[in-house]
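Chain by chain, the residues run as shown.
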Amino acid sequence: MEFKKVVVAGGGVLGSQIAYQAAYCGKDVTIWLRSEGSIGRTQPKLDQLEKDYKAAIELMNTPNGKSPANWCRGLASMDSFNAEECIKKAEAAHKNIKLELDLAKACKDADIIIESMAEITQEKIAFYKKLAPLMEEKTILVTNSSTLLPSTFAPYTGKAEKYCSLHFANHIWKQNLAEVMAQDKTDPKIFDEVMKFALEIGMIPVPVLKEKSGYLLNSLLVPFLLCGMDLVANGVSDPASVDKAWKLGTGAPRGPFEIIDVVGLTTAYNIVEKYQKVPGLISPLLKKMMLPYGFKNIAKMLKEKIDEGKLGASSGEGFYKYK
């Protein structure tokens, strides 16, 4: 099928990025939001994304632009890069994204709907129940959930055979990974169509062949971040030293606390809460090896910073301060 109209449900950090990236790649994009307040929070994100895209394109157009640290794979291939054309696409994307409060209007004639709402099970279920009678036959439905399994929500979608996960990494114009994960009732043809859609919006899709909370990326990333926080929350070291140890020892560009500041401390706190409440997300052996002091002190450390308004890079301060 041809994907022309894309609807993103939710205008958070990733919802806004998904919408902007799809619009940059020429799709007709609508973001559905629940309230006027949501519009007030989403529009500034879109305004900032235009600046981020343009800054990235300008950097790509410098002598050092083709280095791995500076090249944004989601914006252009090196072989066909034209800075002027990319700038035009970024400006067009900003102008052409529509914000809509009426769910029926938003979903009319949609080829694909991407649910990108908060990781709260009951809120997602309520959304799918509201959405189910409004979807057209042709519409494919995906979730960008990072921890919740699509099989949890498939019964509420009204079209489980056309439903799967499509998970993006933060800063998707640069980290252009898309993880596609099916649930038991997903039609294999739909799975292939979602893989194709990911390519159409500049992503590199990877298949996840079995349902796994955390997919591929977060199954690796979350234990790593938890281990880093464990070292600081329990007085073993400090954030800068932990980050330095990781970067010098592995050559990685960022340490765990730099990553947490980008992801946001609220997201990190929600993940910690989920991991300590849901048995089996981390095996007892791994939990004993990685987190000998448990989750309590990590949650406390994050909560104290959140209560102080230190939410990460987006707020100007998390574990580090930002201009």
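If you're wondering where the values come from, they're calculated on a predicted model, not measured in any experiment.

Trainee: Run through the overall build of the chain, naming residues and quoting values.
Mentor: Counting its secondary structure elements, the chain contains 12 helices and eight strands. The C-alpha atoms of the chain give 20 Å as radius of gyration, which agrees with the globular expectation for 323 residues (20 Å, within 12%). Once the C-alpha set of the chain is aligned to its principal axes, its extents read approximately 55 × 50 × 40 Å. A total of 323 residues make up the chain; the buried ones form 48% of that total. Long-range pairs, those at least 24 residues apart, make up 67% of the contacts in the chain with a sequence separation of at least 6. Accessible area of the chain: about 15700 Å², with a carbon and sulfur share of 57%.

Trainee: I'd like a description of the pairing of strand β8 (residues 204–208), backed by residues and values.
Mentor: Here five bridges tie strand β7 (residues 177–181) to β8, and the two strands are oriented parallel to one another. Residue M181 lies in a different strand from β8, and its bridge partner there is V208. The parallel pair β7 and β8, bridged by helix α6 (residues 188–200), forms a crossover whose chirality is right-handed.

Trainee: Explain unusual backbone geometry to me, using residue names and the numbers behind them.
Mentor: A positive phi angle is found at D109, which is not glycine, with a value near 65 degrees. Note on placement: D109 falls in the loop between α4 (103–107) and β4 (112–115).

How each quantity is defined
Residues numbered from 1 in each chain as written. Predicted model: local features only at pLDDT ≥ 70, side-chain atom pairs only at ≥ 80, totals over all residues. Heavy atoms only, no water. Helix = DSSP H or I, 4+ residues; strand = E, 2+ residues; numbered from the N terminus. Rg over C-alpha atoms; globule rule 2.2 N^0.38 Å. Buried < 20%, exposed > 50% of the residue type's maximum accessible area, 1.4 Å probe, protein only. Contact = heavy atoms within 4.5 Å. Areas by Shrake-Rupley, 256 points an atom, 1.4 Å probe, with all protein chains shown as cover. Pairing = 2+ DSSP bridges. Right-handed = clockwise from strand over helix to strand, strands pointing away.

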